[in-house]
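Each chain, letter by letter, is given below.
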There are 2 protein chains.
Amino acid sequence: MTTDQREQEVLRRIERARGRPARLRDERITLAHGAGGKASRTLVEAVFLAAFHNPLLAPLEDQAVCEAGGARLAFTTDSYVVSPLFFPGGDIGDLAVNGTVNDLAMSGARPLYLSAGFILEEGFPVADLTRIVGSMARAAAGAGVRIVTGDTKVVERGKADGCYVTTAGVGVVEHSFELGASRARPGDVVLVSGPIGDHGTTVLLARGELGIEGDVESDTAPLAGLVSGLLDACGAGVRCLRDATRGGVATVLNEVARDSGVGVVLDEGAVPVRPQVRGAAEILGIDPLYIACEGRMVAVVEAGRADAALAALRGDPLGRGAAVIGRVVADPAPLVVCRTEFGGTRIVDVLVGDPLPRIC
Amino acid sequence: MTTDQREQEVLRRIERARGRPARLRDERITLAHGAGGKASRTLVEAVFLAAFHNPLLAPLEDQAVCEAGGARLAFTTDSYVVSPLFFPGGDIGDLAVNGTVNDLAMSGARPLYLSAGFILEEGFPVADLTRIVGSMARAAAGAGVRIVTGDTKVVERGKADGCYVTTAGVGVVEHSFELGASRARPGDVVLVSGPIGDHGTTVLLARGELGIEGDVESDTAPLAGLVSGLLDACGAGVRCLRDATRGGVATVLNEVARDSGVGVVLDEGAVPVRPQVRGAAEILGIDPLYIACEGRMVAVVEAGRADAALAALRGDPLGRGAAVIGRVVADPAPLVVCRTEFGGTRIVDVLVGDPLPRIC
């Protein structure tokens, strides 16, 4: 098969698995369209995928894997609109670097180059910009990438919120494993690389809207090293990697369930959650499974490689809190269900609405 | 020399040519910092370049040329904040594709892949988004590139202006010529690929602020084919290519003069400007040399290849209006001067302030 035939085959397979094309009924954009859940997915499928229709975009992974000049590249982008711009453990600059580095890393790529586009509001303090840019430089050095190209636009007062940053990233894919949300199989094991919900909870508390304070920091961190260790240990036994950002672990697993046509059973007691995150989540009435992380990933791994995967993750400082949290099942597909600590079972549905806007 | 040694040598050469590092005295961001002129340059050098300090970013071309997996790539990004979103001849979607394609093309790269990050304001009409995305899809098809990855964020009402789009692009550099603003030499010839200022004038008239109407359309267009024809005809005789966007032809030539340590003498009568653009520019009190184009480029070419360059440009529908508009001189460096139609000479200085905000 030629590359083109292979790509068309991928496209047909994805379209078959997804069934009927999504239809967007909303007339106006709502915050839910940016939440990473059900409304986001419908917008992406009905508007973006329908128009840009191509086999490289169609898998809707966090990055595209594509060929250029004989090299196999990963390419990704994210816009960052987090509010507030600065929070315990990081700022929009760290997020903009680590988030894009992680989207590359989840394909197993080695991140190389980043671009940075700034949209600044007239009147934004230069000292704040300098601080953000300094964070980006440190985060880039920490992740081993270089910021090689950029752009700055300024809009009038009241047409932005201080500073928005959009980064894109290019990495090189040096392995030949296929990773993706459509590759999970019944029997596979689901791991998470550490306690979940730290980032989202931190940003929320930093806004002061809850009227509570908590001793929690964003987990923003670059995960390429962690991924590399995992792939070294488990090779093609790794089915799928996703960083659990907007929409949290619940959203990642719902996408895996849908794209692979499988079910996922979580063991609630096994999911690592810090007490302060659990406390804030209770006050908010939100399940920690839906709260964004910025330095945690979900890995779906062949059962026979589960121990090796856990050991590889725990051997890395960024994966010390890794845990097996569930397994992939044939039925009930495409649902994610959670065995509670009291012996019950509840459905962990796709996110509807946006309980935590502008978290990243 | 190793790649690393070569890169360090480039960095030293650039720093020598530029002299003392820029210092930013402003405490707050102003519209001028986004105008592409003097304030933009100072911000970029004093804040971004100082922090991200690396030899791939340092040339401050519209794209970085870098290696990945053995391939020579061009990589670029631009954020688009044009107001209004729709204007005669195009919309923010066309700009976001063509602008990024052109930044790749100016390195002589073949544009391949684009990413698209959307920042949407809550309440933005889905119909407008669909129209913009449709324009992007058509522009991508026209330019022979694929939009392979993206992101959508939504911010609360009043925290954006409808829709901002940031695209990044990856292309492959298949030739071995070095192109760049630091490569102009006395004796070289300066060409422009068509009438200038159409885009900026169109956007300005579309805002209705001038109270005049004009029969002018944006020149937004993808220039990779035009560049490819020019390089085929003139090879290493091409010194530098730049699309004349924010800050117009004047800003491009000031950057060439500074980075190459040369002067540029323009022949005002030879610069192609449509009568309606000239008329609007007179009302505004702006020199058309400073008005943005989105489908025109400036080419600096060895004198011996000037005729071949002009013929190559004019042989392409997008370069039919090409003209030789000036030449590179040793003195007065690093100034751009213009011989007026009345026999006088005036300095075409770097842009100060922002007479035309949010033009792209």
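Named according to an unreviewed UniProt entry, chain A is Carbamoyl dehydratase HypE originating from Streptomyces smaragdinus. Its UniProt record, at the heading Sequence similarities (unreviewed entry), says of chain A: "Belongs to the HypE family."

The next point concerns the packing of aromatic side chains. By convention here, two paired aromatic rings are described through the distance between centres and the angle between planes. Going through the model one piece at a time under the given rule, you end up with 5 aromatic pairs over all chains. Joined through ring pairs, the aromatic side chains of A:Phe48, A:Phe52 and B:Phe118 make up one cluster. Cation over ring: A:Arg131 sits above A:Phe86, and NZ or CZ is 3.8 Å from the ring centre. The ring of A:Tyr80 carries the charged tip of B:Lys153 above its face, separated from the ring centre by 5.6 Å.

Residues and elements named next belong to chain B. The buried fraction of strand β7 (residues 163-172) amounts to 10 of the 10 residues, a majority that puts the element mostly inside the structure. Both faces of β7 are covered, namely the face carrying Cys163, Val165, Thr167, Gly169 and Gly171 and the face carrying Tyr164, Thr166, Ala168, Val170 and Val172. Sheet analysis places strand β2 (residues 71-80) next to β7, joined by 8 bridges and oriented antiparallel. Directly across from Thr77, in β7, lies its bridge partner Ala168. By the bridge criterion, 10 bridges tie strand β5 (residues 110-121) to β7 in an arrangement that is antiparallel.

Okay, the relation of the copies chain A and chain B next. Mapping chain A onto chain B calls for a rotation angle of 180° and an axial translation of 0.0 Å; the resulting RMSD is 0.0 Å. The relationship between the two copies is best expressed as a two-fold rotation axis. When C-alpha positions in chain A are compared against the rotation axis, the closest is assigned to A:Ala160, at 2.2 Å.

Moving on, we get to the sheet that holds β2(B). All names here are of chain B. With mixed pairing, the 5 strands of this open sheet are ordered in space as β1-β2-β7-β5-β6. The two strands at the open ends of the sheet, each matched to only one other strand, are β1 (64-68) and β6 (146-155). The mean angle between the axes of side-by-side strands here comes to 20°, regardless of whether they run parallel or antiparallel. Packed onto the sheet, helix α3 (residues 92-105) meets β2, β5, β6 and β7 and runs at close to 145° relative to β2.

Our next topic: the interface of chain A and chain B. Contact residues are listed per partner, giving 78 residues for chain A and 78 residues for chain B. Inspection of the region where chain A meets chain B yields 6 salt bridges. Taken together, the links from chain A to chain B amount to 25 residue pairs in polar contact (both at pLDDT 80 or more). Across the side of chain A that touches chain B, the residue classes tally to 42 nonpolar, 19 polar and 17 charged.

This next bit is on empty space enclosed by the protein. Taken as a whole, this structure holds 4 cavities of 30 Å³ or more when the rule is applied. Within this model, the largest cavity holds a volume of roughly 770 Å³. If you go around the largest cavity, you meet 44 residues; those closest to its centre are A:Glu61, A:Asp62, A:Arg246, B:Gly150 and B:Asp151. For the lining of the largest cavity, the secondary structure elements donating two or more residues are α2 (38-52), β2 (71-80), α3 (92-105), β9 (238-243) and α7 (248-260) of chain A together with β5 and β6 of chain B.

Below, the discussion takes up the packing of helix α5 (residues 198-207) of chain A against helix α8 (residues 275-284) of chain A. Residue and element names in this part refer to chain A. Closest axis-to-axis distance for the α5/α8 pair is 10 Å, and the angle between their directions is 60°. By the angle between their axes, α5 is oblique relative to α8. Handedness of the crossing formed by α5 with α8: left-handed. On α8, the residues touching Asp198, Thr201 and Leu204 of α5 are Gln276, Val277, Ala280 and Leu284.

Quick look at the state of the cysteines now. Under the definition given, this model contains 0 disulfides over all chains. Take A:Cys66: it sits in no disulfide, and the sulfur closest to it among the cysteines is that of B:Cys66, at 13 Å. Assessed through its relative accessible area of 3%, A:Cys66 is described here as buried. Lacking any disulfide linkage, B:Cys293 is separated from the closest cysteine sulfur, that of B:Cys360, by 11 Å. Assessed through its relative accessible area of 0%, B:Cys293 is described here as buried.

Let us now look at the UniProt feature "domain: PurM-like C-terminal" (unreviewed entry) in chain A. The positions UniProt marks with the feature "domain: PurM-like C-terminal" (unreviewed entry) are residues 185-332 of chain A. With 36% helix and 18% strand, the stretch residues 185-332 of chain A has end C-alpha atoms that lie 13 Å from each other.

What counts, and where the lines are drawn
- Residues numbered from 1 in each chain as written.
- Chains lettered and ligands numbered in written order.
- Predicted model: local features only at pLDDT ≥ 70, side-chain atom pairs only at ≥ 80, totals over all residues.
- Heavy atoms only, no water.
- UniProt positions renumbered as here; feature names shortened; annotations may be inferred.
- Phe/Tyr/Trp six-rings, centres within 6.5 Å; stacked < 30°, edge-to-face > 60°.
- Lys NZ or Arg CZ within 6 Å of the ring centre and 35° of its normal.
- Buried < 20%, exposed > 50% of the residue type's maximum accessible area, 1.4 Å probe, protein only.
- Helix = DSSP H or I, 4+ residues; strand = E, 2+ residues; numbered from the N terminus.
- Pairing = 2+ DSSP bridges.
- Least-squares fit on C-alpha atoms with pLDDT ≥ 70 in both.
- Axes fitted to C-alpha atoms, helices over the stretch in contact; angles between N-to-C directions.
- Contact = heavy atoms within 4.5 Å.
- Salt bridge = Lys/Arg side-chain N within 4 Å of Asp/Glu carboxyl O.
- Polar contact = N/O pair within 3.5 Å; in protein donor to acceptor, adjacent residues only side chain to side chain.
- Nonpolar A, V, L, I, M, F, W, Y, C, P; charged D, E, K, R; others polar.
- 1 Å grid on protein atoms, 1.4 Å probe; cavity = no way out; pocket = protein on both sides within 12 Å on 5 of 7 lines; lining within 4 Å.
- Points joined across faces, edges and corners; volume = space filled by probe spheres on them.
- Parallel < 35°, antiparallel > 145°, perpendicular 65-115°, else oblique.
- Left-handed = near helix turned anticlockwise from the far one by under 90°.
- Disulfide = S-S within 2.5 Å.

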